[in-house]
Amino acid sequence: MVRAVAPFPTPVRLLSVTAEMFPFVKTGGLGDVAGSLPPALARYGVDVTTLLPGYPAVMATARERHVVAHACVLGHHALLWSAHVAGVDLLILDIPELYDRPGNPYLCAEGRDWPDNGIRFAALSRMAADMAQGRVEHYRPDLVQAHDWQAGLTAAYIHHDRRAGAVDAPRVPVIQTIHNLAFQGRFPAECLARFGLPPEAFSVEGCECYGAISFLKAGLYHADRITTVSATYAQEIQTPEGGMGLDGLLRRRADRLEGILNGISTDIWNPASDPAVHFPYMVGDTVGRTPNKRALQAEFALAPDPDAFVIGIVSRLTEQKGMDLLPAIMERLLAGNTQVIVVGEGDRGIERDLAALHRRYPGRFACHIGYSEALGHRVPSAADALLIPSRFEPCGLTQLGALHYGAVPVASRVGGLADTIVDANPAAIANRVATGFLFSPVGADTLLAAVGRARALYRRNRPAWRQLQANGAACDVSWNENAAQYVALFADMLGVAAHASTSNVISLPASRQRRTPLREGRRRNIARRPPRLSWPRAAPH
């Protein structure tokens, strides 16, 4: 529950350090969160500036920009640009030899990691640490949020700079946010000096991880606080099964670890105005979305059968996402007049298997191999159900869009999926609170059983199915309440005393105030409401 805290007289300056951000560059949920969280925090008086690498797509979008600094970053000449684009404040680290490359920000055209990814993202963290320590004129944040392994060295640089006596300014707190613990940024030990780290950094109490350098491990060890993207995932990563080799460190720092659910932008995810939706409809309108099912069947050359049970899958095509299960079970999955649509890209072997299924089951199975933001919105606007069989899922955004758009999620009971979906067991259906179908453990039989439950309810009790859709649409999947949890965390990190008063805003201590006072009329309110994403409000009649 978000607790009451005392008022901020001025906004808090947060530097968000990330390797991707929608709408500029995106490969997954990190990009969505980095793009949608700043506007949500702005409503609570948090001024977010995002530090991004100068990829071609970023530079092309930020045409109106100006240089704020020249720097030498780990041996590379860099320009730091400032821009205000798409309603967000950006600082762009422009090092052409590191970032001026086409396509995926992490992978070459052959699907392999760029061999210099270590120095590429060490430079990003090094610049963030310099900004936090006042080495960039005109801007110094009150807090830094380092997203995933790509920003993981930020807290380590700050720690070692201070140990070396290189900084006199007060220390700026760092939050390390884990979006997916599986990606840890591991590089050979001999890269230590190239990354600008002292010899003592390569230790168990630092960046050393099973004989290699781990950017994420460094961040988890040195950050003031650690957040991840759901409460269940915060527990899972402290176990040997879910900790990816870092569970011991995370248990040790459990008092500094917190799970805060992600949200989505309901301005972007709005079926009434979404340009990707063929036939717009209001949230919760289960009849208005019907024409989209016909349109999606036509778009993917599926049989134009209104009675078909259409399952959509929008996912990275990887084993983590459970996509390797599909080829072996597709014959049984398509039973009972079921159609399946898959959209995504990833493992080349899975892509080939899905293409073969497309040829084997014409009119019943279809796939689009490749990333498509439009289809990522259009499929949940039209499918009856959305299948999410992840082996682990830190939060997941797919199910949030599905709930909001009326596609009933069928998902594994892990991480954020377990935190955001209420299983349609008999009691939940009777109490009108169910929003989807959960299964565990992840396997062919449990997946098929969950799909069977969903299909049976769809066939035999259409009013109950529509109630599930209405319940999902009534869930608050926005950032409203989850952003308030971040604000409470920021207040705690900045040493703001929590008052059980009638005040509904928080106050920045005088030592961190800006020189120019904020006018009284511009103070931002911080709502104090408990998160309840999985529990729907009263369903519309």
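Residues numbered from 1 in each chain as written. Predicted model: local features only at pLDDT ≥ 70, side-chain atom pairs only at ≥ 80, totals over all residues. Heavy atoms only, no water.

Chemist: Quick question: what am I supposed to make of the pairing of strand β15 (residues 365-369) here?
Modeler: Regular strands place side chains that alternate from one sheet face to the opposite one. Note that strand β14 (residues 338-344) and β15 share 5 bridges and pair parallel. By the bridge assignment, valine 342 is partnered in β15 with cysteine 367. (Pairing = 2+ DSSP bridges. Helix = DSSP H or I, 4+ residues; strand = E, 2+ residues; numbered from the N terminus.)

Chemist: What is the right way to read the environment of valine 451 from this model?
Modeler: Following the sequence through the fold, valine 451 ends up in helix α16 (residues 444-460). In this structure valine 451 comes out as buried when scored by relative accessible area, which is 3%. Sequence-distant contacts of valine 451, that is, excluding residues within four places in its chain, are made with Ile311, Leu333, Leu387 and Val410. (Buried < 20%, exposed > 50% of the residue type's maximum accessible area, 1.4 Å probe, protein only. Contact = heavy atoms within 4.5 Å.)

Chemist: How should I be thinking about the nonpolar core in this particular structure?
Modeler: Looking at soluble globular proteins, one finds that nonpolar side chains tend to be buried together. Core analysis: the largest hydrophobic core is formed by 80 residues, its most contacted members being Leu51, Leu93, Met131, Leu181, Phe195, Phe215 and Leu220. Residue contributions to this core peak at 10 residues, all from helix α4 (residues 117-132). If sequence neighbours within four positions are ignored, phenylalanine 215 has contacts with Gly118, Phe121, Ala122, Trp149, Gly152, Leu153, Gln184, Gly185, Phe187 and Phe195. (Core = buried A, V, L, I, M, F, W, Y, C linked by side-chain atoms within 4.5 Å.)

Chemist: Explanation requested: the pattern of salt bridges in the structure shown.
Modeler: One side chain can pair with another of opposite charge once the charged atoms of both are near each other. In the structure shown here, the tally under the stated rule is 17 salt bridges. Here aspartate 130 makes a salt bridge to arginine 126, at a shortest N to O gap of 2.8 Å. Taken together, the residues aspartate 130 and arginine 126, both in helix α4 and 4 residues apart, mark about one turn of the helix. Each member of the pair, aspartate 130 together with arginine 126, is buried. A salt bridge links arginine 251 to aspartate 247, with the shortest nitrogen-to-oxygen separation between them at 2.7 Å. Of the two residues, arginine 251 and aspartate 247 both sit in helix α8 (residues 247-252), 4 residues apart, roughly one turn of that helix. Bridged by salt links that share partners, the residues Arg126, Asp130, Arg135 and Asp161 form one connected network. (Salt bridge = Lys/Arg side-chain N within 4 Å of Asp/Glu carboxyl O.)

Chemist: Looking at this structure, how should I read the confidence of the model for the protein?
Modeler: The predicted coordinates should not be examined in detail at positions where pLDDT is low. Summing up the model confidence of the protein, the mean pLDDT is 90 and the portion of residues at 70 or higher is 90%. Low pLDDT, under 50, characterises residues 498-541; the stretch is placed with 115 contacts to residues that sit more than four places away or in other chains. (pLDDT = per-residue confidence, 0-100.)

Chemist: Could you clarify how one ought to interpret the packing of helix α12 (residues 373-382) against helix α13 (residues 398-405) in this entry?
Modeler: Two packed helices can be described by the angle between their axes and the distance between those axes. Between α12 and α13, the least distance of the axes is 8 Å, while the angle of their chain directions is 45°. For the element pair α12 / α13, the angle class is oblique. In the crossing of α12 with α13, the sense of the turn from one axis to the other is right-handed. Seen from α12, the contacting residues are His377, Pro380 and Ser381; seen from α13, they are Gly401, Ala402 and Tyr405. Across the contact of α12 with α13, the residue classes tally to 3 nonpolar, 3 polar and no charged. (Axes fitted to C-alpha atoms, helices over the stretch in contact; angles between N-to-C directions. Parallel < 35°, antiparallel > 145°, perpendicular 65-115°, else oblique. Left-handed = near helix turned anticlockwise from the far one by under 90°. Nonpolar A, V, L, I, M, F, W, Y, C, P; charged D, E, K, R; others polar.)

Chemist: I keep staring at the packing of aromatic side chains and nothing clicks. Help me out?
Modeler: On inspection of all chains with the given rule, the structure shows 16 aromatic pairs. On the numbers, 6.5 Å between centres and 75° between planes, the contact of tyrosine 281 with tyrosine 405 is edge-to-face. Note that tyrosine 281 is positioned in the loop between β12 (257-259) and α9 (290-299) and tyrosine 405 in helix α13, a separation of 124 residues in sequence. A single burial state applies to tyrosine 281 and to tyrosine 405, both of which are buried. Ring centres of phenylalanine 437 and tryptophan 465 lie 6.2 Å apart, and the angle between their planes is 25°; on these two criteria the pair is classed as stacked. Here the residue phenylalanine 437 occupies a position in strand β18 (residues 437-439), and tryptophan 465 occupies one in helix α17 (residues 462-474), the gap between them amounting to 28 residues. Here phenylalanine 437 and tryptophan 465 have matching classes, each one buried. Taken together, Tyr106, Phe121, Trp149, Phe187, Phe195 and Phe215 form an aromatic cluster joined through their ring pairs. Geometry around tryptophan 81 places arginine 65 over its ring, the cationic atom sitting 4.5 Å from the centre. Here the guanidinium or amino end of arginine 126 rests over the ring plane of tyrosine 157, the centre of that ring lying 4.6 Å away. (Phe/Tyr/Trp six-rings, centres within 6.5 Å; stacked < 30°, edge-to-face > 60°. Lys NZ or Arg CZ within 6 Å of the ring centre and 35° of its normal.)

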